[in-house]
Amino acid sequence: MAVLQIEQIWREGQMVDIQTMLSKPPVVNGFLGSRDSCVIHTLTRVDTDVECIVALFQKGLLEAVVLIYLLMPFIGNLAEMELLDSFLKVLLGREEDFVSMFMKPKAASVLLLQHVRNTEDERASKIVKRLTSARVVEAILCILEAELVEERLSAMLILMRCMQLDGRCINMIANKAELTHLLESFIESNDAHRFEIIQFLSELVKLNRRTLNEQVLHIIKNDSTYSSMHSLLIYLQTALPDQCPVVAGLILQLDLLAEPRKMSIYREEAVDVLIMCLRNSDNPDAQIAAAETLLVLLGRFSYSGKPLIRELLLKRAGLGRTDSNVAQNDIGDLSGGQETTAEEQAAEDWERKMSFSLVSYEFGLLFKVLADGLKSNSEDIFSACFLSSTWLVYMLTILPDTGIRGAARVCLSFIRDPEGLHDLTYHVKDIHKGLRELKKSSTMAFKIFNFFSEERESSADMWNHKEIALMDCSTNGEVSSIRCFRNKVFSSPDGTIKVWKVKAKSLHIIQEIRGHLKAVTSLVVLQPAEKLYSGSLDRTVRVWSIRDEGIECEEIHEMKDHVNNLLVANSLSANSLSCFIPQGAGINVYSWNGATKLLNQQKNAKCLTLVEGKLYCGCLDNSIQ
């Protein structure tokens, strides 16, 4: 009865100095009184109250851990007291074996271990390393479901430290953690603890299998009585600058669990915050956090949770390395053909969705910010921006072209785009020497080196000759349009389309096809899709697939007007192909889904071009709009 009354007084806070009173020897003897001769001997042998409790705990009175926790304000450095073995005994013990108390011994052990974790010394780090065993981690995971928020948070912070010290824990924790109670704790916690929860959840989605990552993301998004994304978005508004990128990264990943939509407040806000932090040169910590978050968003990790963007890019570039076997294992070759294919497909789908969200925001604004980051004096910021730029530029070759390549090329020079290749030729002397060394170890460098060598020779030939080749097309009428794609040339004399193959300095016709009923006025090539579009006076636009042996018609689209000049734009949304056709006053815009629109009605357009998402019109009144 006395103990219960003291507990009530303590909980109600009626006596400020109750802890000092409870720590006196007679009171300790009263709490721990026992007829056991070992206990009596210990109580009479030691000098101080704390040493008394600790000695009893070390000798097997595991319930004493509760009193140690209660007296923690009067205890010095717990890391120096050699209590880890006793803590582990409590964690691994069965709950029913302990005496029933107002606090469970396991909870007290976790709270004390969290106190040790906060101690910045070598001994504390060694203690945490011993907690990374599978049995101990499983025991701590059970505390995530405790009733008290403080207990859940302590267990979470210990698990997060375990993941940081030994990344191999991540998969086990992600597979066995029950996150529902922890997600509920987000609402009840203060801002500091909320960010710690976000850090923990962000670490949990650094798994080496994409499908498992998405399973955990679904749990975070759905296994709570409140809207996780809404709560995260509200917290993002008040988070500290160096915390914002981590929060934004988690929000963006949760939003992309569904196929990217045209508009998403979560995605817009997350990408905007990442760009804002990356631009914030007054706060280097925020810049580094944003740059490192971009590396994580690619979504590929080693077994220990390390982002694999560098290794993946080197693999795609064909760079030979002596540790290639290790790198290959890191990238995650899985056992079993079907499983490997499924995981790789999931990873590629995630890359496509994530890169789409990043590059499409404000028409490639991220590339300008990354270009600024490449000028940073910080090695960390430069390295992260360089890797992110390289990855996103590579993804532009896979995503449909909406003109963002042009925006990226303004900020960055890169290899895959033909115009970008042309820009690089101006600097060929500066990079030729480095390529000569790199080509010995990289197939990609070898190809680039050969390209620049050929480009220099062909450029010299072009200017040294008055005429490269002359092909007579007079039998079919004048050539109204001509386009090039790889080693092929497409021309449109009259109502036919001719396909030529470029060999050395001559053209060889490989196909002549008449699909249109009247003259073909314009040709357009969309390189990523390998499609040729032809517009004609017969009021149709035809879509042709480009193959090695020639072209083949796939679609025919009826237009309301003669097609005098054709320009095709490809966006990232559904039914994305649109064509722009000048006809009298204004420009008719046709979407493949059937929608039409009339632009620039006050002008008579003669010719068109699309640059960086902007449509330029050459008009009959000598103006350009």
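Reading the values: rules and limits
- Residues numbered from 1 in each chain as written.
- Predicted model: local features only at pLDDT ≥ 70, side-chain atom pairs only at ≥ 80, totals over all residues.
- Heavy atoms only, no water.
- Helix = DSSP H or I, 4+ residues; strand = E, 2+ residues; numbered from the N terminus.
- Buried < 20%, exposed > 50% of the residue type's maximum accessible area, 1.4 Å probe, protein only.
- Contact = heavy atoms within 4.5 Å.
- Areas by Shrake-Rupley, 256 points an atom, 1.4 Å probe, with all protein chains shown as cover.
- Axes fitted to C-alpha atoms, helices over the stretch in contact; angles between N-to-C directions.
- Left-handed = near helix turned anticlockwise from the far one by under 90°.
- Nonpolar A, V, L, I, M, F, W, Y, C, P; charged D, E, K, R; others polar.
- Phe/Tyr/Trp six-rings, centres within 6.5 Å; stacked < 30°, edge-to-face > 60°.
- Pairing = 2+ DSSP bridges.
- pLDDT = per-residue confidence, 0-100.
- Polar contact = N/O pair within 3.5 Å; in protein donor to acceptor, adjacent residues only side chain to side chain.
- Parallel < 35°, antiparallel > 145°, perpendicular 65-115°, else oblique.

## Let's talk about the overall build of the chain
Right, so step 1: Helix and strand content of the chain: 28 helices and 13 strands.
Right, so step 2: The 625 residues of the chain split such that 48% are buried.
Right, so step 3: Across the chain, the fraction of contacts at a sequence separation of at least 24, relative to all contacts at a separation of at least 6, is 53%.
Right, so step 4: With the model as given, the accessible surface of the chain reaches about 32000 Å², and the carbon-plus-sulfur share is 51%.

## Details of the packing of helix α16 (residues 228-238) against helix α18 (residues 265-279)
Right, so step 1: It is the contact of α16 with α18, at a shortest axis distance of 11 Å, that shows an interaxial angle of 35°. Taken as a pair, α16 and α18 cross one another with a handedness that is left-handed. For the pair α16 and α18, the contacting residues are Met 229, His 230, Leu 233, Leu 236 and Gln 237 in the first and Tyr 266, Glu 269 and Val 273 in the second.
Right, so step 2: Residue composition of the contact of α16 with α18, by class: five nonpolar, two polar and one charged.

## A word on the packing of aromatic side chains
Right, so step 1: If you walk through the whole model with that rule in mind, you get three aromatic pairs.
Right, so step 2: Between Phe 57 and Phe 87, the aromatic rings sit 5.6 Å apart at their centres with planes inclined by 50°, giving tilted as the arrangement. Placement of the pair is Phe 57 in helix α5 (residues 49-58) and Phe 87 in helix α7 (residues 84-92), with a sequence separation of 30 residues.
Right, so step 3: For Phe 57, a relative accessible area of 0% puts it in the buried group.
Right, so step 4: Arranged with centres 6.2 Å apart and planes meeting at 10°, the rings of Phe 382 and Phe 386 form a pair that is stacked.

## Concerning the sheet that holds strand β3 (residues 497-503)
Think of a sheet as strands paired side by side through backbone hydrogen bonds, with each pair either parallel or antiparallel.
Right, so step 1: Taken in spatial order, the four strands line up as β1-β2-β3-β4 in an open sheet, and their pairing is antiparallel. A single partner strand is all that each edge strand has here, and the edge strands are β1 (479-485) and β4 (506-513). The average undirected angle you get between the axes of adjacent strands in this sheet is 25°.
Right, so step 2: Relative to β3, strand β2 (residues 488-493) runs antiparallel, the two being bridged by four bridges. Considered in β3, the bridge of Val 489 is made with Trp 500.

## Looking at the confidence of the model for the chain
Right, so step 1: Residue-level pLDDT values for the chain average 77, and 74% of them are 70 or greater.
Right, so step 2: When mean pLDDT is compared element by element in the chain, helix α17 (residues 244-255) scores highest at 95, while helix α21 (residues 324-331) scores lowest at 45.
Right, so step 3: pLDDT under 50 marks residues 39-48. Its contacts with residues more than four places away, or in other chains, come to 15 contacts.
Right, so step 4: Overall, residues 320-336 carries pLDDT values under 50, and its contacts beyond four positions in sequence, including any with other chains, amount to 18 contacts.

## Quick look at the sheet that holds strand β8 (residues 550-558)
Right, so step 1: Overall, antiparallel pairing links the four strands, which are arranged β5-β6-β7-β8 in an open sheet. With partners counted over all chains shown, the strands left at the sheet margins are β5 (520-526) and β8, one partner each. If you compare each strand with its neighbour and ignore which way they point, the axes differ by 25° on average.
Right, so step 2: Relative to strand β6 (residues 531-536), β5 is paired through six bridges, and the arrangement is antiparallel. Paired with Leu 526 across the strands is Lys 531, a residue of β6.

## A short note on the side chain of Thr 521
Right, so step 1: Tracing the backbone shows Thr 521 in strand β5.
Right, so step 2: Relative accessible area serves as the criterion here: at 16%, Thr 521 is assigned to the buried category.
Right, so step 3: A distance of 2.5 Å separates a polar atom in the side chain of Thr 521 from the backbone oxygen of Val 563.
Right, so step 4: In this view, Thr 521 contacts Ser 480, Ser 481, Gly 535, Ser 536, Leu 537, Val 563, Asn 564 and Asn 565; residues no more than four positions away in its chain are not counted.

## Observations regarding the packing of α16 against α17
Right, so step 1: Contact geometry for α16 and α17: axes closest at 10 Å, N-to-C directions at 155°. Judged by the inter-axis angle, α16 sits roughly antiparallel to α17. Both α16 and α17 take part in a crossing whose hand is left-handed. Residues Met 229, Leu 232, Leu 233, Tyr 235 and Leu 236 of α16 pack against Cys 244, Val 247, Ala 248, Leu 250, Ile 251, Leu 254 and Asp 255 of α17.
Right, so step 2: Of the residues contributing to the contact of α16 with α17, the split by class is eleven nonpolar, no polar and one charged.

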